[in-house]
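Working through the structure, step by step
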Amino acid sequence: MSNEDTDIDSMITTFNTAVTETASEILGKHRQKKKKPGSLQTFSICATKGEN
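Below or above, wherever it landed, is the structure these notes cover. (Residues numbered from 1 in each chain as written. Predicted model: local features only at pLDDT ≥ 70, side-chain atom pairs only at ≥ 80, totals over all residues. Heavy atoms only, no water.)

**Examining the environment of His30**
Note on placement: His30 falls in the loop between helix H1 (3-27) and helix H2 (40-51). Classification of His30 as exposed rests on a relative accessible area of 73%. Between the C-alpha atom of His30 and that of Ala18, which follows or precedes it by twelve residues, the distance is 17 Å. (Helix = DSSP H or I, 4+ residues; strand = E, 2+ residues; numbered from the N terminus. Buried < 20%, exposed > 50% of the residue type's maximum accessible area, 1.4 Å probe, protein only.)

**What about the environment of Thr13?**
Take Thr13: it is sitting in helix H1. Judged by relative accessible area, which is 48%, Thr13 ranks as partly exposed. A sequence separation of 31 residues divides Thr13 from Ser44, and the C-alpha atoms of the two residues are 52 Å apart. Polar contacts involving the side chain of Thr13 include one to the main-chain carbonyl oxygen of Asp9, which spans 2.9 Å. (Polar contact = N/O pair within 3.5 Å; in protein donor to acceptor, adjacent residues only side chain to side chain.)

**Quick word on the environment of Lys34**
Within the secondary structure layout, Lys34 lies in the loop between H1 and H2. Taking the C-alpha atoms as reference points, Lys34 and Ala23, separated by eleven residues in sequence, lie 22 Å from one another.

Have a look at this one:
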């Protein structure tokens with residue numbers, strides 16, 4: 001790799017890091033929503049609908 005390629009890669013990495021860190025500070029880290037477990041009543045309704 002030439003010196004220019006290394007400089008460009010370095011600039012891209014620095015830019016990506018800056019954007020990611022800024023987004024994390026403003027928006028917060030991405031969190032997955034926790035799914036509530038289904039109740040036995042829900043399971044039985046689904047089971048009976050599947051039998052029809």
